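# Overview (structure and organization)
What follows is each chain in one-letter form.
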Amino acid sequence: MLFQRRRILSGHSHNLTVQVAKKMDVRIILLLLVNFAVISFGRKSYEGWQVYRTAPLTKLALEGLHKHVFSDPKFQVWSQPILNKPAEIVVCPKSRAKLLNILKKLNLSPKPFILNIEKFLEKERKEIENIKKQEIYGLINYVTFERYMDFTEITDYLNEVAANYPSIASLETIGSSFEGRPQNLLKLSSGSGSKKKIGVFINAAIHAAEWIGPAVALNAIHQLTANLANNQAFLDMANWYILPVANPDGYVYSWDHDRLWRKTRRPNKGSKCVGADPNRSFDVHWSEGRETNPCVAFYQGPNVFSEVESKNIADYLIPNGLDGNLHLYMVLHTYGQVLLHPYGYTTDPPININDLALFGSEAASALKAVRGTKYEVSNITNAFYHPYGNSEDFAYDQAEIPFTYTWELPGGAENSHDVPLSEIKPVVEETWEAFKSLVQSVYIARKNL
Ligand SMILES: [Zn+2]
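Residues numbered from 1 in each chain as written. Predicted model: local features only at pLDDT ≥ 70, side-chain atom pairs only at ≥ 80, totals over all residues.

### A look at the overall build of the protein chain
- Scanning the protein chain from N- to C-terminus turns up 14 helices and 14 strands.
- Here the protein chain, with 449 residues, has 48% of them falling under the buried criterion. (Helix = DSSP H or I, 4+ residues; strand = E, 2+ residues; numbered from the N terminus. Buried ≥ 20, exposed ≤ 12 C-beta atoms within 10 Å, placed from the backbone.)

In structure tokens, the structure reads:
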């Protein structure tokens, strides 16, 4: 069986040159189609739109923001609002006066943070195009951290990794998105190593616009394949399950039509607004959610698991978690530089709170040691406003994965929504150090059970 599997895979790699050539044809056609789509259906312009930054949020202000600002589709989130940190809110010129009024009433002393969003987005697009022009596309095992990668490029890379490292890598699809794109999961496993190996699941881009997440996930793959010589221990300790684009429709839409798109792309009955927040769709205290307007960023959807992308993730996590294959689950978001553990739906501490907090702090220290980037470690509910139905709580409670973390990676600053291109590499490198620390901690904890 194993031999057969190997034979099929090595046959695959013999044909790789042909496949790459074919793939490039398909790619050119796809590119033409995408360009056509952009020209035909347009890209949302944020010309004249601004971002306002508030004072650091108190608990009351955080609540007020959700009730009066984020419940109103006129306003958008630039980043997830986090307790004790300033909030950044996107507004079009027409609604600016209304926003300022609300923020002043909430005592949040708003200040203009970005004067014209389109300028930043255009700069990012141009920089990506310029870097692309200098690249020789079509190299096998192609991944870059010089710029963000689109869905087709990421899919190609995952296929190439599976073909080039057949003894450790395999690619599967955990399901299809609403529009029929695959939710690709790359598994990395050496087969050898300790019997007490742990399972690590990484979920990125569940929120489409959060582009640094896939880069961090792809770097984990890169480290465990092309740079395996320096990371063998982490393949011996763990089997890795990496989902670089959890919300493929949203991700594609954020590239082609609306850079700030966060949700899925399922139409909502009786509403012109599309999609729901896939990280509010999970079956964990979902009915307690308060985000019922289809037009807002945090919309929880019409029913639990209305978002097929979330259902597919759940259907993968439940059996694997309960069978003891998964021990560490991480979801990558932007931005805020916080590392959060359960719960989101209650202030009650989870049973292994001490280990969750300790391992989180150790990971944050390992990350900080690289170049001084600081993360705060806390539970989700201390940082966010009622994130009912989130995948982290679901993975912990329902799939019984004992260590689950939410990463709010760096972003924002004076630059853009995600980190500028020059920061991708440093961010993925420092985060990898934290991943190693977490894997080691969870591995040792499990070994001592
Ligand atoms: Zn997010």
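Having seen it, we continue.
### Quick notes on the sheet that holds strand E2 (residues 75–77)
- Taken in spatial order, the four strands of this open sheet run E2-E3-E1-E4, and their pairing is antiparallel. Single-partner strands in this sheet number two, and they are E2 and strand E4 (111–114). When the angles between neighbouring strand axes are averaged without regard to direction, this sheet yields 40°.
- Strand direction decides the pairing type here: E2 and strand E3 (residues 86–91), joined by three bridges, are antiparallel. Paired with phenylalanine 75 across the two strands is valine 91, which belongs to E3.
- The sheet contacts of helix H4 (residues 96–105) involve strand E1 (50–56), E2 and E3, and relative to E1 the element is tilted by about 0°. (Pairing = 2+ DSSP bridges. Axes fitted to C-alpha atoms, helices over the stretch in contact; angles between N-to-C directions. Contact = placed C-beta atoms within 7 Å.)

### Side note on the packing of helix H11 (residues 353–371) against helix H14 (residues 421–447)
- Contact geometry for H11 and H14: axes closest at 8 Å, N-to-C directions at 145°. Our pair here, H11 against H14, has a crossing hand that is right-handed. Taking contact as the criterion, the partners of Asp355, Phe359, Glu362, Ala363, Ala364, Ala366, Leu367, Val370 and Arg371 in H11 are, on H14, Pro426, Glu429, Glu430, Thr431, Glu433, Ala434, Ser437, Leu438, Ser441, Val442 and Ala445.
- Partitioned by chemical class, the residues of the contact of H11 with H14 number eleven nonpolar, three polar and six charged. (Left-handed = near helix turned anticlockwise from the far one by under 90°. Nonpolar A, V, L, I, M, F, W, Y, C, P; charged D, E, K, R; others polar.)

### Quick word on the pairing of strand E9 (residues 328–334)
- Most of E9 is tucked away, with seven of its seven residues classed as buried.
- Going residue by residue along E9, you find Leu328, Met330, Leu332 and Thr334 tucked away on one face and Tyr329, Val331 and His333 tucked away on the opposite face as well.
- Inspection of the sheet shows strand E7 (residues 198–204) paired to E9 by five bridges, in the parallel sense. Across the sheet, residue phenylalanine 201 finds its bridge partner in E9, namely tyrosine 329.
- In the sheet, E9 pairs with strand E12 (residues 403–409) via seven bridges, with the strands oriented parallel. For threonine 334, the partnering residue across the bridge sits in E12 and is leucine 409.

### Quick notes on the nonpolar core
- The biggest cluster of nonpolar side chains holds 128 residues, and the ones touching the most others in it are Ile89, Ile202, Ile242 and Val439.
- If you tally residues by element for this core, the top one is H14, at eleven residues.
- Counting contributing residues per domain, this core is built from domain 2 (50–115) and domain 3 (149–447), each supplying no fewer than three.
- The contact partners of isoleucine 242, leaving out residues within four places of it in the chain, are Leu185, Leu186, Ile202, Ala217, Ala220 and Ile221. (Core = buried A, V, L, I, M, F, W, Y, C linked by C-beta atoms within 7 Å. Domains from an automatic or database assignment.)

### Considering the UniProt feature "active site" (unreviewed entry) in the protein chain
- Sequence positions flagged by UniProt for "active site" (unreviewed entry) are, in local numbering, Glu408.
- Looking at where glutamate 408 falls in the secondary structure, it is placed in strand E12.
- Owing to 24 C-beta atoms within 10 Å, glutamate 408 belongs among the buried residues under this scheme.
- Apart from the residues within four sequence positions on either side, glutamate 408 is in contact with Gln80, Ile82, His333, Thr334, Tyr335, Gly336, Gln337 and Val338. (UniProt positions renumbered as here; feature names shortened; annotations may be inferred.)

### Quick notes on the sheet that holds E12
- An order of E5-E6-E8-E7-E9-E12-E10-E11 is seen for the eight strands of this open sheet, with the pairing classed as mixed. Looking along the sheet, the strands with just one partner apiece sit at the ends: strand E5 (169–176) and strand E11 (376–379). This sheet shows a mean twist of 20° between the axes of neighbouring strands, independent of strand direction.
- Where helix H10 (residues 308–322) meets the sheet, its contacts fall on E5, strand E6 (182–188) and E7, and the angle it forms with E5 comes to roughly 125°.

### Focus: the environment of valine 90
- Topologically, valine 90 is positioned in strand E3.
- Residue class for valine 90 comes out buried when judged on the 23 C-beta atoms lying within 10 Å of it.
- With 13 residues separating them in the primary sequence, valine 90 and valine 77 have C-alpha atoms 5.9 Å apart.
- Among all residues touching valine 90, those that are not within four sequence positions of it are Trp49, Val51, Phe75, Gln76, Val77, Trp78, Ile117 and Leu260.

### Structural notes on unusual backbone geometry
- Residues threonine 334 and tyrosine 335 are joined by a peptide bond in cis, for which omega reads -15°.
- Tracing the chain through its elements places tyrosine 335 in the loop between E9 and strand E10 (338–341).
- One non-glycine residue, phenylalanine 305, lies in the positive phi region at around 55°.
- Tracing the backbone shows phenylalanine 305 in the loop between helix H9 (248–256) and H10.
- Not every positive phi belongs to a glycine, and glutamine 337 is a case in point at roughly 55°.
- Structurally, the position occupied by glutamine 337 is in the loop between E9 and E10.

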